[in-house]
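# Residue-level structural notes
Listed here are the chains, written in short residue letters.
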Amino acid sequence: MCKMAQRFTFYFCFILSLQTLNSFIVVIRANESNQDVKIEVTFLPENCSQKAKRGDMLNAHYDGYLAKDGSQFYCSRSTNTGYPHWFVLGVGEVIKGLDLGLDGMCPGEKRKVTVPPSLAYGEKGKGPVPPNSTVVFEVELLHITRGPRSIEAFKEIDIDNDKALTKEEIKEYLKMEAKKLNTQKDESYFDDVVADVFHKNDHNADGTLSLKEYNVYGHDEL
């Protein structure tokens, strides 16, 4: 049984891969850490042409376990709603290890991602996760949709075509994407995401985002 949902954080860099039998094992090293994220691809669909990249919106189920004893601390299928989660990859909506570990994943793919403490919940831990814990996530990716950081998305969000995005326009776009995925989120969730986007990108504090501020061209500074 799952216990409680977690809230997560962000960043990424370098890939080394190797194939064994029918599964793939990938090791990713983050710039700021000497520890690695280990990825095992447990199922890969025949058609894997669409791959997740930074800024894409993902819809996934995932279960979290403590590496030391295999005890489960989270699973999306047993939360109050039981719906898969949707989130934007690479912007800190999940722990750093998952932002790294889900990059390049395709719909229908399943992965086992082992994350060291420095890229998970750190020295303090969180909720049922003790301090300095290595954690393992079993992830099934269901859908990928174009994230809110592409130029195509900017044009879709910019309803009045004035080349500037308001908070209301971004919020409505996120709601529309959630509806497409048949995913339910509280109003406060959308407010929090929009507030975070503006906090990080509205550099001139005018209450709107230009193409440059919305970071269409430079995803690394999301």
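Just above sits the structure.
Presented here is an overview of the structure given in this document. (Residues numbered from 1 in each chain as written. Predicted model: local features only at pLDDT ≥ 70, side-chain atom pairs only at ≥ 80, totals over all residues. Heavy atoms only, no water.)

With that settled, the discussion passes to the overall build of the chain. Within the chain, the secondary structure is distributed over four helices and eight strands. Listing each helix as α and each strand as β along the chain from the N terminus yields β-β-β-β-β-β-α-β-β-α-α-α. Counting only residues that meet the buried cut, the chain has 48% of its 222 residues in that class. In the form shown here, the chain has an accessible surface area of approximately 11,800 Å², with 51% of it arising from carbon and sulfur atoms. (Helix = DSSP H or I, 4+ residues; strand = E, 2+ residues; numbered from the N terminus. Buried < 20%, exposed > 50% of the residue type's maximum accessible area, 1.4 Å probe, protein only. Areas by Shrake-Rupley, 256 points an atom, 1.4 Å probe, with all protein chains shown as cover.)

All right, on to the environment of Gly 90 then. Mapped onto the elements, Gly 90 comes out in the loop between β6 (85–88) and α1 (96–101). Note: C-alpha distance between Gly 90 and Arg 54 (36 residues apart in sequence) is 5.0 Å.

Overall, the coordinates contain five aromatic pairs when judged by the stated rule. Judged by centre distance (6.1 Å) and plane angle (75°), the ring pair of Tyr 62 and Phe 137 falls under edge-to-face. Residue Tyr 62 is found in strand β4 (residues 57–66), and its partner Phe 137 is found in strand β8 (residues 135–145); the two are separated by 75 residues along the sequence. One exposure class covers both Tyr 62 and Phe 137, and it is buried. Between the aromatic rings of Phe 73 and Phe 137, the centroid separation amounts to 5.8 Å while the plane-to-plane angle is 85°, which identifies the pairing as edge-to-face. With Phe 73 in strand β5 (residues 72–75) and Phe 137 in strand β8, the pair connects residues that are 64 residues apart, well separated along the chain. Phe 137 matches Phe 73 in its accessibility class, with the two residues each being buried. Ring pairs connect the aromatic residues Tyr 62, Phe 73, Tyr 74, Phe 87, Tyr 121 and Phe 137, which therefore count as one cluster. It is Lys 167 that lies over the ring of Phe 198; its NZ or CZ is 5.4 Å from the centre. (Phe/Tyr/Trp six-rings, centres within 6.5 Å; stacked < 30°, edge-to-face > 60°. Lys NZ or Arg CZ within 6 Å of the ring centre and 35° of its normal.)

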